[in-house]
Amino acid sequence: MAGNSPVAWLRGGIVLHLALVIAGGVIVAVVAGAAWRKARAAQLRARAKLARLELAEAGAELAETFRAAAAATGMPRGLLWKAVELRQPRLVALERTTRELFGLAAVEIRFEAVAGGAMEDVEAVGNVRSATAVFVYRNGRWTTDGRTVFNLDPRQTLERYAETLEGGIGER
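Remember, predicted model here, so these are calculated numbers, not experimental data. (Residues numbered from 1 in each chain as written. Predicted model: local features only at pLDDT ≥ 70, side-chain atom pairs only at ≥ 80, totals over all residues. Heavy atoms only, no water.)

Novice: Break down the packing of aromatic side chains for me, citing the residues and quoting the values.
Specialist: Scanning all chains against the criterion turns up 6 aromatic pairs. Seen from their ring centres, F111 and F150 are 6.4 Å apart, and the 35° between their planes marks the pair as tilted. With F111 in strand β2 (residues 101–113) and F150 in strand β5 (residues 148–150), this residue pair connects regions lying 39 residues apart in the sequence. The class for F111 is buried, based on a relative accessible area of 5%. Of the aromatic side chains, those joined through ring pairs into one cluster are F66, W81, F111, F135 and F150. (Phe/Tyr/Trp six-rings, centres within 6.5 Å; stacked < 30°, edge-to-face > 60°. Helix = DSSP H or I, 4+ residues; strand = E, 2+ residues; numbered from the N terminus. Buried < 20%, exposed > 50% of the residue type's maximum accessible area, 1.4 Å probe, protein only.)

Next comes the structure, spelled out in structure tokens:
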């Protein structure tokens, strides 16, 4: 009869109550986590859409920023970065680890040889080079360190770096 005593009944009620409170807390945490992830995804899409529009509208100023940063790298050796022209397509991608937005823009690059350098007599120096300029969206603006992917257009660059870059961000 001890199981039917008021003390046993009270203990059972407390345990049941505690189990319900814990279950309720778990449900609230799961729902809150899902809502937070959904809100973060929406925020990322909105930020990516704005970044994509800004990259699409970027002009000579961004091209010059890229040219100056790329020239500062000193690569390729023996050549000076004479001019850079942004072209289409311009894609926005998400870096999977850092969650930063990267811009990949088609560019046409013109070099000239360093006077007295080994490349001065190379006729091909004057040829226009196609490449992909790499930009990163930080603090609400596009910036670059001059990273260049030669011989690949932005779509090919995205395919080549598919393990680290996720394309199609902000396109919907």
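Novice: Quick one: what's the story with the pairing of strand β1 (residues 79–95), residue by residue and with numbers?
Specialist: With 13 bridges joining them, β1 and β2 adopt antiparallel strand pairing. Bridging from a neighbouring strand, L86 pairs with V107 of β2. In this sheet, strand β6 (residues 165–166) lies alongside β1 in antiparallel orientation, the contact comprising 2 bridges. Looking at the pairing, L94 lines up with E166 of β6. (Pairing = 2+ DSSP bridges.)

Novice: So, the nonpolar core: which residues are in play, and what are the values?
Specialist: Counting residues in hydrophobic clusters, the biggest one holds 27 residues, and the most contacted among them are L86, L101, F135 and W142. Looking at this core, the element that brings in the most residues is β1, giving 6 residues. When residues no more than four places from it in sequence are discounted, the contact partners of W142 are A51, E54, L55, L62, V92, L101, F102, G103, F135, V136 and Y137. Counting residues in hydrophobic clusters, the runner-up holds 10 residues, among them V149, L152, L158 and L165. (Core = buried A, V, L, I, M, F, W, Y, C linked by side-chain atoms within 4.5 Å. Contact = heavy atoms within 4.5 Å.)

Novice: How would you summarise the pairing of β2 if you had to cite specific residues and measurements?
Specialist: Where β1 folds back onto β2 in an antiparallel hairpin, the turn is made up of 5 residues, including R99, whose phi is positive at roughly 65°. Pairing of β2 with strand β3 (residues 129–138), which is carried by 9 bridges, proceeds in the antiparallel orientation. Counted as the bridge partner of E108 is S130 from β3.

Novice: Outline the side chain of T148, supporting the account with residue identities and numerical values.
Specialist: Relative to the elements of secondary structure, T148 occurs in strand β5. Here the side chain of T148 touches G146 through a polar contact of 3.0 Å, landing on its backbone oxygen. Setting aside residues no more than four positions away along its own chain, T148 makes contact with F66, A70, W81, I109, A131 and T132. (Polar contact = N/O pair within 3.5 Å; in protein donor to acceptor, adjacent residues only side chain to side chain.)

Novice: Describe helix α2 (residues 60–72), listing the residues and the values that go with them.
Specialist: Between the first and last C-alpha of α2 there are 18 Å, a value that for 13 residues agrees with the 18 Å anticipated at 1.5 Å per step. Turning to α2, its buried residues number three or more, namely L62, A63, F66, R67, A69 and A70. Where α2 ends, the next residue or the one after it, G74, has phi of about 80°, a positive value. (Expected span 1.5 Å × (residues − 1).)

Novice: Break down the side chain of R90 for me, with residues and values.
Specialist: With respect to the helices, strands and loops of the structure, R90 is situated in strand β1. The charged side chain of R90 is buried without a salt bridge, its nearest counter-charge being E85 at 8.0 Å. Separated by 3.1 Å, the side chain of R90 and the backbone oxygen of R87 make a polar contact. Non-local contacts of R90, meaning those with residues more than four positions away in its chain, are made with L55, A56, E57, A58, L104 and A105. (Lys, Arg positive; Asp, Glu negative; His and termini not counted. Salt bridge = Lys/Arg side-chain N within 4 Å of Asp/Glu carboxyl O.)

Novice: Pulling in residues and values, what's your account of the pattern of salt bridges?
Specialist: With the rule as written, the count across this model stands at 6 salt bridges. Note that E166 is salt-bridged to R96, the shortest N-O span being 3.8 Å. Linking E166 in strand β6 with R96 in the loop between β1 and β2, this pair joins segments that are 70 residues apart in sequence. In this structure E166 comes out as partly exposed when scored by relative accessible area, which is 28%. Across the pair D145 and R147 runs a salt bridge, and its minimum N-O distance is 3.7 Å. By sharing partners, the salt bridges in this structure join E85, R87 and E108 into a single network.

So yeah, pure geometry; function would need other evidence.
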